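What the coordinates show
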Amino acid sequence: QFQLVESGGGLVQPGGSLRLSCGHSGFAWEYYAIAWFRQAPGKAREGLACIRDSDGSTYYPDSVKGRFTISRDKANHTVYLQMSSLKPEDTAVYYCAAGGLGCSSLTDVYDYWGQGIQVTVSS
């Protein structure tokens, strides 16, 4: 069974930090890029970060560059998303995804998805 499971979400105050984890199992994870997406109510799913399987290169859109950092712990089959300087606009359901074609901002290229986890930024 191929599976990705997000954890570490919850409620955080504006300006605070949070680290999300994506545990993965059941597939050849070492050959897949891992990405983070989010989706707010009424909004399209938005790419946030991606780390390549081949060389570990990372990619971010301008909206989160400098605030979010993706990293990978291969020994523990886990990818992290470290988020800082959080804003209320960051409130969304966050998803991790795995893709065999490398990093992309397009959701269609990813083969496996987690169920998502809520992040709420509010005072």
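All told, the structure shown has five salt bridges when counted by the stated rule. The partner of Asp-90 in a salt bridge is Arg-38, and the shortest N-O contact between them spans 2.8 Å. Placement of the pair is Asp-90 in the loop between β8 (78–83) and β9 (92–99) and Arg-38 in strand β4 (residues 33–39), with a sequence separation of 52 residues. Here Asp-90 matches Arg-38 in class, with each residue buried. When the shortest N-O distance is used, the salt bridge between Arg-67 and Asp-90 registers 2.8 Å. Pair noted here: Arg-67 is in the loop between β6 (58–59) and β7 (68–73) and Asp-90 is in the loop between β8 and β9, with a separation of 23 residues, a long-range link. For Arg-67, a relative accessible area of 12% translates into the label buried.

Counted under the stated rule, the structure contains two disulfides. Disulfide partner of Cys-22: Cys-96, at an S-S distance of 2.1 Å. Linking Cys-22 and Cys-96, the disulfide has an S-S dihedral of approximately 70° and is accordingly described as right-handed. Of this pair, Cys-22 sits in strand β3 (residues 18–25) while Cys-96 sits in strand β9, and the two are 74 residues apart along the sequence. Taken as a pair, Cys-22 and Cys-96 share a single burial class, namely buried. Sequential numbering of the bridged cysteines in the protein gives the disulfide pattern 1-3, 2-4.

Next up on the list: the packing of aromatic side chains. For any pair of aromatic rings, the description rests on two quantities: the centre-to-centre distance and the angle between the ring planes. Per the stated rule, a full pass over the model turns up six aromatic pairs. On the numbers, 4.8 Å between centres and 40° between planes, the contact of Phe-2 with Tyr-112 is tilted. One end of the pair, Phe-2, is in the segment before β1 (3–7); the other, Tyr-112, is in strand β10 (residues 112–113), with 110 residues separating them in the sequence. We classify Phe-2 as partly exposed; its relative accessible area is 47%. By the ring-pair criterion, three or more aromatic residues cluster together here, those being Phe-37, Tyr-95, Tyr-110 and Trp-113. The ring centre of Tyr-80 lies 4.2 Å from the NZ or CZ of Arg-19, which sits over that ring. The ring of Tyr-95 is capped by Arg-45, whose NZ or CZ atom sits 3.9 Å from the centre of that ring.

Parameters at a glance
Starting afresh in each chain, residues are numbered from 1 along the sequence in its written order. Restriction of local features to residues with pLDDT of at least 70 applies here, the model being predicted, together with a cutoff of 80 or more for giving and counting side-chain atom pairs; totals for whole chains, interfaces and linings are based on all residues. Based on all heavy atoms of the structure, the side-chain values leave hydrogens and waters out of the count. Salt bridge criterion: a side-chain nitrogen from Lys or Arg within 4 Å of a carboxyl oxygen from Asp or Glu. Secondary structure elements follow DSSP: runs of H or I of four or more residues count as helices, runs of E of two or more count as strands, with numbering from the N terminus. Think of it in three bands: residues with accessible area under 20% of the maximum for their type are buried, residues over 50% are exposed, and the middle band is partly exposed, with areas taken using a 1.4 Å probe on protein chains only. Criterion for a disulfide: a pair of cysteine sulfur atoms at a distance within 2.5 Å. Pairing of aromatic rings covers Phe, Tyr and Trp, the last through its six-membered ring, and needs centres within 6.5 Å; plane angles under 30 degrees mean stacked, over 60 mean edge-to-face, and all others mean tilted. For a Lys NZ or an Arg CZ to count as sitting over a ring, it must be within 6 Å of the ring centre and within 35 degrees of the ring normal.

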